[in-house]
Amino acid sequence: MASAADVRSILSLPANSSPAAGPSHQPKKQSTVSTRKPEGISRELYSLIGSSAPALAAQLAKPRLKQKPNLGGGGKVKWEWRSFKNGARSDSLELGHWVKATDKPNADYQFAKYNVQPTVYEWSQDEYSRHLEDSEWTKEETDYLFKIAHEYDLRWYIIHDRYEYPNGPTREIEDLKDRYYSVCRKLVRNRTWAGDEASKSQLLLSFQYDKEKEILRRKYVASLANRTPEQIQEEEALYIEIKRLEQNERQFKRDRENLLRTIAGVDSGLPDIVEDDATLIVADPKKKKLKGMDLDIPQTPVLTAPVMKRPPTLNKNAVYDATHCIIRNDPPPTTPATKVAHTPAYLRSFKIPYPKAAIAHKVNALLTEIGVSHSRLVMPTQANCQHLESVIDAATNLVELKKVLDKVNQDVEVLKNRLELREDGGDGGSVADAIETDDRGETAEPEGENRRSLSVMSARSTRSRKHSRRSMSVSSVDTAVPSSTRTGIKRQKRM
Amino acid sequence: MVNYGGDEVSALVIDIGSSSLRAGYAGDDTPKAIIPSPYGYIPPSALSGDGDATMNENGASEVAGKAKSYFGHSGPSIWRANMEIGNPISDGLIADFGPIPALIRHALEDVMHCTASEHPILVTEPSWNTQANRERMAEIMFEEFQVPAFYIANTSVLNTFAAGKGSALVIDIGQSVASVVPVVDGFVLRKGLQFSSLPKLVHAHARHLLTTPNPVRPPAELYPYQLISSKQAVEPNAHPRYTLREDRLAGTTRSWREWYEAREVEEWVQTVAGVLDQGWNDQLLQHRQHKQYEFPTGYNAWFGPERFGVGEMYFHHTPQLVAGNPDIPKHIPGLITDSLKACDPELRQVLISNVVLTGGGSLFSGLADRLGSELARSFPHFKIHAPGNPIERRYGGWLGGSILASLGTFHQLWISREEWQEHGKAIVGQRCK
């Protein structure tokens, strides 16, 4: 047996310095070196499963937890007890409060800025005697008023409450306000103004005060407040009554409509009933009550009710209608109120006359030629509609006449050709063929046609007009189109 | 903090009422110290030769010569031989300034353990306070307590602030005075100020009800428990069986006895009495529960409709009663009507939709509901702000003071020591409007 050293030398491995460390160490060392513990597997687990750890574990590793919120920049905030001076105070009082140590030590007191002082108006004796004289007020009392007004920051109710001028007359709040604002107005107006005109007028506007209006308003408020409980109750009862009546009426109308619809059919086209709430509110309370009594007993809604109502209103309102351009088209009273006879309300613009569908194209072309747009009427009044209708009628007539004329002309041409052929005695087969195909469906005896008179031709032309009416593509323009194409079209149609 | 406009300068707020004195730090929601306003004192004549050293540990101090005074919770309520009871407050106003510094000192130093000279102090006053009174209070604060800054604010205004409003009709029912005060923009409308000693009338009525013989039950004897040595359980409406502490009877003063009897009556009122929320109605009364109450003597009884009669006094006076006493204090609806009548018609709607009900007396069961139904009779749109929390209701004035004194914008209004020394008493009237 070869010794370990021999084997080593054969395998060209380095010599083992300490044979005691032996082969037991070797593989272990190797394994730790070669396979590193993958990320995301706990050490204990890895030592159990060894290198057979699933490769996927690496991806599943490390649950990503939600990041911890970072509150307030982290760390603690240091607070300090500092004394401060208040800029809004005139004395040197120092109070203390807790502030963040990071705050500026000599900053202005943050609440001092809320100490807003209004402008105080003052005047000299000379100014007073020139502008501000008032028989009701002395200068001293005016001074007192301004002093107290600024003491209480123009809170007029307080000023009025605390106003105690010795030996002065009792002043209402309006008196005080009026005096204050009028003095301010006069001062602003009569002094030289440093700023622009707009700001001056704006300032004047803010001193606007209408004493009479204010007194009136106060009277209203007082009378509103001084209502007796009975009056308030009555008012409330009336209000509730109105509400109830309105509701009743609405209900009644809805019921009636429903009933009518049920009887006359869903699409009877009954106009929706307009609620006349306005008249209800305007009417005086006594009347309302009476009306309410009537309405409480609901009349049986009869089908003919609206029809029956109309004739009297018509007679009565003839003048009214004339002045307001109302044109009534009533159904004759004899017609029964059925679905067929009923004409629902419509917009006149919906009933603008249209040319007949068959020749609409030609008529439209004609109308555009003369500069009339039939599809849109700027003002579809009754008269305008009538005008348009007559124009369209005329246009239709014209187009039809033209077509008849064309047809006749063509027939005459054809007959003339045949006559020539006869007279020539030759066999104009191609042309005859064409004629034959032209008249194939109508008659089986092309020969007989030759003998027909002009009157017969007129009959044919009407028939052919019918054809052309069916073929939409034919217009007055292509009356001159060769007959072969026309036959083709006709064949198509017949099939 | 800036968002709320608050800036706490560790101010103190002191609210002195008829029944108790409240003190605490501005910015807190409840006062730290609540001590009774009445105090016990042993006159010098009775003190001589009497070695009363045992009761000294709490709230004892020397006032006015040699009289020994007792303040706080262990003050008047503890029986002491020859101890008289005094109350510096009468009709809501400070009538006797003698014991006031000692009372405040007890609250600040013994209960709150703070030094007055380190804190600005806000003191409250009723709306009908006199100019002399507030100046005297300022003097006490600056001269005796050496406060750096002082302000005196109106309780009605503070109650308005406590309710989070600027304008309100404050109905404050205290222990001795009921008041209705219109407040607009944080100022009291003095012309609309109405107050009466209605709670006293109610108290007298309740006392009369308890102590007069009745076909159903014997009159109640209002001995306080300090004077009772033993008692036995008895049936309702039966005569009580108890023995009095004969050793104490001799040393009990009349004022102490009266004060304690009043407390017994008050406790009965607060526990048993109520008010019907829809006005007096005999049918409705029959359905109301009876309530049992036991007095310290062991006497107990069930109280039925009569307990509502007590509360009814706040809202309605029988014609006989009015005929009997011509200057009977006005009831609450009367106060409200008179107050509103004196106000501008434009303000009435504002005020009536901002009614603030406050004061310990308003905790009477059913009072807020009844007030609502009374107001509904004359005003279509009204709103009553009555905090459900009894602390807020009882100490509304203090709470408002706590809010006010912790506002950043308020700190310019303090009367500083410097201003006091410069301008003297006049500054109080100028600054505290």
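Residues numbered from 1 in each chain as written. Chains lettered and ligands numbered in written order. Predicted model: local features only at pLDDT ≥ 70, side-chain atom pairs only at ≥ 80, totals over all residues. Heavy atoms only, no water.

Residue and element names in this part refer to chain B. By the criterion of burial, strand 13 (residues 178-184) is predominantly enclosed, with 7 of the 7 residues buried. Residues of strand 13 alternate between two faces, with Ala178, Val180, Pro182 and Val184 on one and Ser179, Val181 and Val183 on the opposite face, all of them buried. Taken together, the 6 bridges between strand 12 (residues 168-173) and strand 13 define a ladder with antiparallel strand orientation. Note that in strand 13 the partner of Ile173 across the bridge is Ala178. In textbook terms, the turn of a hairpin is the stretch between consecutive antiparallel strands, and for strand 12 and strand 13 this stretch comprises 4 residues. In the sheet, strand 13 pairs with strand 15 (residues 194-196) via 3 bridges, with the strands oriented antiparallel. Across the sheet, residue Ser179 finds its bridge partner in strand 15, namely Phe195. (Buried < 20%, exposed > 50% of the residue type's maximum accessible area, 1.4 Å probe, protein only. Helix = DSSP H or I, 4+ residues; strand = E, 2+ residues; numbered from the N terminus. Pairing = 2+ DSSP bridges.)

One pass over the structure, following the stated rule, counts 41 salt bridges over all chains. Of the charged contacts in the structure, one is a salt bridge between B:Lys200 and B:Asp91, with a shortest N-O distance of 3.1 Å. Here B:Lys200, found in helix 5 (residues 198-211), pairs with B:Asp91, found in the loop between strand 8 (89-90) and strand 9 (93-94); they are 109 residues apart in sequence, far enough to count as distant. Look at B:Asp91 and you get partly exposed, because its relative accessible area is 35%. Residue B:Arg257 is joined to B:Glu261 by a salt bridge in which the shortest nitrogen-to-oxygen separation is 3.1 Å. With B:Arg257 and B:Glu261 both in helix 7 (residues 254-272) and 4 residues apart, the pair spans about one turn of that helix. You can call B:Glu261 buried: its relative accessible area is 12%. A cluster of three or more residues bridged by salt bridges with shared partners is formed by A:Arg89, A:Asp91, B:Glu419 and B:Arg431. (Salt bridge = Lys/Arg side-chain N within 4 Å of Asp/Glu carboxyl O.)

The subject of this paragraph is the sheet that holds strand 11 (residues 149-154) of chain B. Residues and elements named next belong to chain B. Judged by pairing direction, the sheet is mixed, and its 6 strands sit side by side in the order 3-2-1-10-11-22 without closing on themselves. The two strands at the open ends of the sheet, each matched to only one other strand, are strand 3 (33-36) and strand 22 (415-416). Pairing geometry for strand 10 (residues 121-125) and strand 11, over 5 bridges, is parallel. Bridge pairing links Ile121 to Phe150 in strand 11. The sheet contacts of helix 4 (residues 155-162) involve strand 1 (12-16), strand 10 and strand 11, and relative to strand 11 the element is tilted by about 85°. Running over the sheet, helix 15 (residues 396-405) touches strand 1, strand 2 (20-25), strand 10 and strand 11 and is turned about 155° from strand 1. (Contact = heavy atoms within 4.5 Å. Axes fitted to C-alpha atoms, helices over the stretch in contact; angles between N-to-C directions.)

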